[in-house]
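Residue-level listing of the chains:
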Amino acid sequence: MSFVLPTYARAPITMAKGEGSYLYDTEGKVYVDFCAGIATCSLGHCHPAQVEAISRQAGTLMHCSNLYGIEQQELLAKRIVEDVIALPGKVFFSNSGAESNDGIIKTARRFGHRRPMSNGQPRYEVISFKQSFHGRTLGAMAATGQEKIQQEFSPLLEGFRYAIYNNIESLRSSITEKTCGILLEPVQGEGGVYAATPEFLRAAAELCREHDLLLMIDEVQCGFGRCGTMMGWQSIAPEIKPDLISCAKGLGGGFPIGCFWIGDRATDEAGNPLYSIMDAGSHGSTFGGNPLACAAALAVIEQIVSQNLPARAAVISERIKQEIMSWQLLPIQGIRGEGLLLGVALKPASFELPAGSLPSVYLNNLCREAGLLCCPAGPDTLRIIPALTISDETLREGLAILRCVISEL
Ligand SMILES: Cc1ncc(COP(=O)(O)O)c(C=O)c1O
């Protein structure tokens, strides 16, 4: 009997060891890893530079609290602002994606207090999107536009409206006097791998300017090179300027760390920057940005920048897309996504499914049994989200398994 709460429908295997883009279970079976801890292990498993950085920091100082200065946190924030987001701003460190989203939702609410409605009441509504995913905390869950995630947890945190993704009219008509921000994923990952169109991102940025709203980008899954650029929005409409960005996953390469970034747009008559509204006492986290987590993330960013991994992700992405489409297999409808956040869209009617199973979950299970780890996204899409460092050889090996499994459907 397991004492772990069964909130995950887990595969009947247990992982024992990871190395690069391979995972080994406790029975010694080896898997090609196209899942990377759900788009998290940017450098693959146990990258020597990250192992070394974590080991060194663990023997020096793991945790001291945010009551004191933390050198690694300063260094990491500087790298994120200058080398990753490349827009002026400041960073708060959290421990996960959901927490980072809670942080930007809090910031948007504070902004709504500082810049209220015409009747003086604070603005507090955030527009997010149907089929979005922002995490499982009360705030992030309420922002998530999927009923199945919210079932039986009502009353939800109020103040969210769900517009239709990639539909400018739906977004425009969702704006009210109470709106203070628009929250979106550059590519909806969990919702089925749907990328925003450049027109949609530009329209969202324009509506934010027009209505004095904050443009809030959830880069938890897309960020840190995954989409073929440092941040996901940069691969779609690089000219837009977000006000708030949430991150996690790829930042820590498997070590739990998240962050949110606040830009410097002028927020009051005196021209004070947006980030100044989150002042001392406004937010906090005991663990957030501790020396160990920051050392782990610094090692990841160093590799992403020095090896130009976003560019590699873009190149491999094209290779995967071309290879999969060249198979011309009946169950494959197409392939979507940006960089190494890819979704193989399935034609459900083209193969036989066991009663009650979803096409994406069924195919994912078959792949796993054949030695390839992927991840379902929505009912009909198989997600391919490998490490940014995956070798050409391992990629070929994984694609060969995928081709074989889909051919036999
Ligand atoms: C876009 C997005 N936002 C937020 C989250 C939540 O992140 P976490 O599970 O670290 O809380 C996820 C997780 O899949 C995600 O894909």
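Residues numbered from 1 in each chain as written. Predicted model: local features only at pLDDT ≥ 70, side-chain atom pairs only at ≥ 80, totals over all residues. Heavy atoms only, no water.

Right, let's talk about the site of the ligand for a bit. Of all residues adjacent to the ligand, which total 13 residues, the nearest are G97, A98, D218, Q221 and K249. Of the residues forming the shell around the ligand, the biggest block, three residues, is contributed by helix α4 (residues 97–114). (Near = heavy atom within 4 Å. Helix = DSSP H or I, 4+ residues; strand = E, 2+ residues; numbered from the N terminus.)

This brings us to the sheet that holds strand β16 (residues 375–377). Strand order across the open sheet formed by four strands is β13-β14-β17-β16, with antiparallel pairing between neighbours. A strand with exactly one partner marks an edge of an open sheet, and here the two such strands are β13 (332–338) and β16. With direction set aside, neighbouring strand axes in the sheet form an average angle of 30°. Pairing between β16 and strand β17 (residues 381–384): three bridges, direction antiparallel. Of the residues in β17, the one forming a bridge with C375 is R383. (Pairing = 2+ DSSP bridges. Axes fitted to C-alpha atoms, helices over the stretch in contact; angles between N-to-C directions.)

This brings us to the pattern of salt bridges. In the structure shown here, the tally under the stated rule is 17 salt bridges. Between D392 and R319 there is a salt bridge, and its shortest N-O distance comes to 3.0 Å. Here D392 is found in helix α12 (residues 392–407), whereas its partner R319 is found in helix α10 (residues 309–326), with 73 residues between them in sequence. (Salt bridge = Lys/Arg side-chain N within 4 Å of Asp/Glu carboxyl O.)

On to the side chain of E125, then. Within the secondary structure layout, E125 lies in strand β5 (residues 125–129). What makes E125 buried here is its relative accessible area of 10%. Reaching out from E125, the side chain makes a polar contact with the side chain of R161 at a distance of 3.0 Å. A polar contact is formed between the side chain of E125 and the side chain of T176, at a distance of 3.2 Å. (Buried < 20%, exposed > 50% of the residue type's maximum accessible area, 1.4 Å probe, protein only. Polar contact = N/O pair within 3.5 Å; in protein donor to acceptor, adjacent residues only side chain to side chain.)

All chains considered together, the criterion is met by four aromatic pairs. Three or more aromatic residues link up through ring pairs in this structure, and these residues are F129, Y165 and F200. Here the guanidinium or amino end of K90 rests over the ring plane of Y275, the centre of that ring lying 5.1 Å away. Over the face of the ring belonging to Y194 we find R336, whose NZ or CZ atom lies 4.0 Å from the ring centre. (Phe/Tyr/Trp six-rings, centres within 6.5 Å; stacked < 30°, edge-to-face > 60°. Lys NZ or Arg CZ within 6 Å of the ring centre and 35° of its normal.)

Bringing the domain arrangement of the chain into the picture now. As far as domains go, the chain holds domain 1 (15–46 + 308–407) and domain 2 (50–306). Computed from C-alpha coordinates alone, the two centres of domain 1 and domain 2 are separated by 27 Å. Taken together, the contacts link 29 residues of domain 1 with 30 residues of domain 2. In total, about 2,200 Å² of surface goes out of reach between domain 1 and domain 2, with carbon and sulfur atoms giving 59% of it. Our count for the domain 1 to domain 2 interface comes out at one salt bridge. For R383, the salt bridge goes to E190, with nearest N and O atoms at 2.9 Å. Inspection of the region where domain 1 meets domain 2 yields 14 residue pairs in polar contact (both at pLDDT 80 or more). Those elements that provide at least two residues to the side of domain 1 that touches domain 2 are α1 (36–39), α10, β13, β14 (341–346) and β17. Considering every element that reaches the side of domain 1 that touches domain 2, the biggest residue donor is α10, with five residues. Considering only residue class, the side of domain 1 that touches domain 2 consists of 18 nonpolar, eight polar and three charged. (Domains from an automatic or database assignment. Contact = heavy atoms within 4.5 Å. Buried area = accessible area lost by both parts, 1.4 Å probe. Nonpolar A, V, L, I, M, F, W, Y, C, P; charged D, E, K, R; others polar.)

What the seven strands build is an open sheet, ordered β4-β12-β11-β10-β7-β5-β6; its pairing is mixed. Each edge of the open sheet carries a strand with a single partner, namely β4 (89–94) and β6 (160–163). Shown here is a sheet whose adjacent strand axes are inclined to one another by a mean of 20°, direction ignored. The pairing of β5 with β6 spans four bridges and is parallel. Residue pairing for β6: V126 is matched across the bridge by F160. Here helix α8 (residues 198–211) sits on the sheet and contacts β5, β7 (179–184) and β10 (214–218); the angle it forms with β7, its principal contact strand, is near 165°.

With that settled, consider the packing of helix α2 (residues 48–58) against helix α9 (residues 291–306). Any two packed helices are characterised by the angle at which their axes cross and by the distance between the axes. Where α2 meets α9, the closest approach of the two axes is 9 Å, and the angle between their N-to-C directions is 155°. Here α9 runs roughly antiparallel to α2, going by the angle between their axes. You can see that α2 and α9 cross each other, and the crossing is right-handed. Between α2, through A49, Q50, A53, I54, Q57 and A58, and α9, the contact on the second element is made entirely by P291, L292, A295, A296, A299, V300 and Q303. The residue makeup of the contact of α2 with α9, split by class, is ten nonpolar, three polar and no charged. (Parallel < 35°, antiparallel > 145°, perpendicular 65-115°, else oblique. Left-handed = near helix turned anticlockwise from the far one by under 90°.)

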